[in-house]
Amino acid sequence: MFLPHKGKQRAKKLEEIINSPKISIFYEAPHRIEKLIDELKILIPEREIFLAKELTKIHETYIKAKVKDVTISNPKGEWV
């Protein structure tokens, strides 16, 4: 799923995802991934998340950590 870009729709969708018992998978643009992490640090700092960058490519990158501990050093690329 793709999150809305901004505003109340984005906040509502994030709340929906956070409160759902289901596992959620969504895609974020490189120029918005840091914003998403910052939003999640406020909403769910202790929750563990898994991020993947450039799946099926030579420079695949994975991050599995609590949201509060995630830092994105190079946001360029496709994020899941």
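See the structure shown above.
Here's a quick rundown of the structure. These numbers come from a predicted model, not from an experiment.

### Details of the overall build of the protein chain
Phase 1: Helices and strands together make up the secondary structure of the protein chain, namely two helices and two strands.
Phase 2: The N-to-C order of helical and strand elements in the protein chain reads α-α-β-β.
Phase 3: Since a compact globule built from 80 residues should have a radius of gyration of about 12 Å, the 12 Å found for the protein chain is in line with a globular shape.
Phase 4: Here the C-alpha coordinates of the protein chain stretch approximately 35 × 25 × 20 Å along the principal axes.
Phase 5: Within the protein chain, buried positions represent 32% of all 80 residues.
Phase 6: In the protein chain, 47% of the contacts between residues at least 6 apart in sequence involve partners at least 24 apart.
Phase 7: Here the protein chain displays about 5,800 Å² of accessible surface, and carbon together with sulfur accounts for 57% of that area.

### Regarding unusual backbone geometry
Phase 1: Unlike most non-glycine residues, E54 shows phi in positive territory, near 55 degrees.
Phase 2: Along the chain, E54 turns up in the loop between β1 (48–53) and β2 (61–66).
Phase 3: Taking relative accessible area as the criterion, E54 reaches 17% and is therefore assigned buried.
Phase 4: Of note in this structure, T56 is not a glycine but carries a positive phi near 65 degrees.
Phase 5: Looking at the secondary structure, you find T56 in the loop between β1 and β2.
Phase 6: A residue is classified by how much of its surface remains accessible, and T56, at 73% relative accessible area, is exposed.

### Quick look at the pattern of salt bridges
Phase 1: One pass over the full model with this rule turns up nine salt bridges.
Phase 2: Between R10 and E28 there is a salt bridge, with its nearest N and O atoms 3.2 Å apart. With R10 in helix α1 (residues 7–18) and E28 in the loop between α1 and α2 (33–43), the pair connects residues that are 18 residues apart, well separated along the chain.
Phase 3: Residue classification places E28 among the buried residues on the basis of a relative accessible area of 6%.
Phase 4: Overlapping salt bridges, with partners in common, bring together R10, E28, R32 and E39 in one network.

### Details of the environment of M1
Phase 1: Structurally, the position occupied by M1 is in the segment before α1.
Phase 2: Linking M1 and S20, residues 19 residues apart in sequence, is a C-alpha distance of 14 Å.
Phase 3: With residues near it in sequence (within four places) discarded, M1 still touches K13, I17, I25, F26 and Y27.

Quick notes on the rules
Residues numbered from 1 in each chain as written. Predicted model: local features only at pLDDT ≥ 70, side-chain atom pairs only at ≥ 80, totals over all residues. Heavy atoms only, no water. Helix = DSSP H or I, 4+ residues; strand = E, 2+ residues; numbered from the N terminus. Rg over C-alpha atoms; globule rule 2.2 N^0.38 Å. Buried < 20%, exposed > 50% of the residue type's maximum accessible area, 1.4 Å probe, protein only. Contact = heavy atoms within 4.5 Å. Areas by Shrake-Rupley, 256 points an atom, 1.4 Å probe, with all protein chains shown as cover. Salt bridge = Lys/Arg side-chain N within 4 Å of Asp/Glu carboxyl O.

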